[in-house]
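Summary of the model geometry
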Amino acid sequence: MGHPLFSPKSAGPQAGPRAEASGAALAGAFAALRDEFELASEYPAAALADAAAAIAAHTLPDEDATDVEFVTIDPPASTDLDQALHIERDGDGYRVRYAIADVPAFVRPQGELDAETRRRGQTIYAADAKVPLHPRDITDDAGSLLADAVRGAFVWDFRLDAEGEVAAVELVHARVRSRAKLNYAAVQEQIDAGTAAEPLMLLREVGLKRVELERRRGGASLNLPEQEIVPTDDGGYRIEIAPQRPVEDWNAQISLMTGMAAAKLMVNARIGILRTMPAPDERSLRHFRRQTQALGKPWDVTVPYGEYLRSLDPTQPRQLSILHAAAALFRGATYTPFDGTVPPDPVQAAIAAPYTHTTAPLRRLVDRFVLVLCEAVATDAEVPAWVRMALPELPALMASSDQLAAKVERASIDLVEAALLVNAVGQEFDAVVVSGSKPASGSDAGPGGGNGRPAQPLDRIASSQNGTQGAVSAGGQHPQQSMPFGTVQLSEPPVTARCEGEMESGTMIRVRLVEADIQKRRIRFERA
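Reading guide: rules and limits
Residues numbered from 1 in each chain as written. Predicted model: local features only at pLDDT ≥ 70, side-chain atom pairs only at ≥ 80, totals over all residues. Heavy atoms only, no water. Helix = DSSP H or I, 4+ residues; strand = E, 2+ residues; numbered from the N terminus. Contact = heavy atoms within 4.5 Å. Areas by Shrake-Rupley, 256 points an atom, 1.4 Å probe, with all protein chains shown as cover. Salt bridge = Lys/Arg side-chain N within 4 Å of Asp/Glu carboxyl O. Buried < 20%, exposed > 50% of the residue type's maximum accessible area, 1.4 Å probe, protein only. Patch = residues over 30% accessible without salt bridge, like charges linked within 9 Å, V, L, I, M, F, W, Y side chains within 5 Å. Lys, Arg positive; Asp, Glu negative; His and termini not counted. Charge placed at Lys NZ, Arg CZ, Asp CG, Glu CD. Pairing = 2+ DSSP bridges. Axes fitted to C-alpha atoms, helices over the stretch in contact; angles between N-to-C directions. Parallel < 35°, antiparallel > 145°, perpendicular 65-115°, else oblique. Left-handed = near helix turned anticlockwise from the far one by under 90°. Nonpolar A, V, L, I, M, F, W, Y, C, P; charged D, E, K, R; others polar.

For the rest of this paragraph, the subject is the overall build of the chain. A tally of helices and strands in the chain yields 14 helices and 19 strands. In the chain, of all internal contacts separated by at least 6 residues, the share reaching a separation of at least 24 is 73%. Approximately 22700 Å² of the chain is accessible, and the part contributed by carbon and sulfur atoms is 49%.

Here we come to the pattern of salt bridges. Tallying each qualifying case throughout the model produces 41 salt bridges. The partner of D140 in a salt bridge is K130, with the nearest N and O atoms 3.1 Å apart. On the criterion of sequence distance, the pair formed by D140 in helix α4 (residues 136-142) and K130 in strand β6 (residues 130-131) is long-range, its members being 10 residues apart. Residue classification places D140 among the buried positions, given a relative accessible area of 18%.

A surface patch of like charges, here negative, comprises D62, E63, D64, D67 and E69. You can see E69 is positioned in the loop between β1 (63-64) and β2 (70-74).

Right, let's talk about the sheet that holds strand β17 (residues 496-500) for a bit. In space, the five strands of this closed barrel follow the order β15-β16-β17-β19-β18, with mixed pairing throughout. The mean angle between the axes of side-by-side strands here comes to 50 degrees, regardless of whether they run parallel or antiparallel. Two elements, strand β15 (residues 428-435) and strand β18 (residues 508-517), share five bridges in a ladder whose sense is antiparallel. Bridge assignment links V432 to a residue of β18, and that residue is M508. Sheet contacts for helix α10 (residues 317-326): β15 and β16 (485-490); angle to β15, the most-contacted strand, approximately 50 degrees.

Our focus in this paragraph is the packing of helix α2 (residues 45-57) against helix α3 (residues 112-120). Their axes nearest at 7 Å, the elements α2 and α3 cross at an angle of 120 degrees. In terms of their interaxial angle, α2 and α3 are classed as oblique. Note on packing geometry: the crossing formed by α2 with α3 is left-handed. Contact residues: A46, A47, D50 and A51 in α2; E112, L113 and E116 in α3. Residues that form the contact of α2 with α3 fall into these classes: four nonpolar, no polar and three charged.

These figures capture arrangement, not role.
Structure representation (structure tokens):
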């Protein structure tokens, strides 16, 4: 029997297989959202001219890898295809080739397009449209690894041993041709049925071995189910939430392996830009251990926290709450450039190794520079001056675009959530408490938390819940200052929101909707 988070209710006020919001009703609100965040609807003419000239003058690399039967695996509607994959057996190990779109070929250094991509930083995904990093003629056509099209690519060629460890790696600039555009759901179904082509069956084999290597390194993945805005056939929108498919994790392991290989090249060359993150401090770890005790699945201190997180089942309410609380351990990620001296702590703690972003150049600015730098290092060529000059500027550019992307994503979800529930004020719903206003009952820590101090409430996830911004009570106080509250997740529609009242993390409760405001992008509940 499925958990209510992943199974729609069939009766009561949340009846119907899925709640949907009218696209016509939301059109004005979406436009206002784009205006609020100053999202560029059109590309500047000078940058478009720069892109058109680059496309017209483009020549493919001399190296020919079109005999390799690459495939892409992406969401069904995606057309900005950054990566293509092929895996085959190599003795008792494996050969993995990972082709990354040759975006640098279309961006003239220090030209108009280069300047505009630096301003944008990354592709921004709003509810009704994406604002691409590059013009669509590049993003969705000339630079995309579309099926049956010959494209230039940076091909990472890995030789893995029987355990999946990298034994050797090369990076070549080559022309490639993807054989098929696949999607995660179909690939997972074929792998589960045993009918997938050998490279896809090997993706499972290699992916699982790379997961095991991550466990041994002490790495960690926070595989929280994510809310996703999905267009409906009639032009409306709904929100879906589902756990990550195993094939998405296996595919991500190939990308992580590539980012680690790129980081190793740069560290050895003493020039580059890493994606770094500090390890959680002891205070945060102690607090998280108390949370796991309170929620009935204590973390054994002899078990690495990454291994513990992988043991959690997000379909179980209390374990879902632990995963939300664990987000506090994944903080402080940043970009760290260097030229001449390697940073003293070059590790990305969640990966437990040096790491960089290099596999999504169509959608993320920094990857373009990393690809060019890594090719120079791999071929013993001089790192281009324009790459070297950009390294100190990239962290601020990426931080700014990361912040904007997070705000737009949250605002888009808040907007659709409010639209889904605007006619349901006063109705009651079943919900899971993912972040409570007090520790769960049964905690071994007792009222003093085991150390003489009052027990702390489980971390509230203010950055990922609807209704945390701007709500003010009749007395002029913010509700969070005048009454206890927590965060709940409904079963249908699968929205995450603030709920006023005392509640315990990991429990199922009944809640009543007291506010749903489309213009303010806010919903709010109280205990029923």
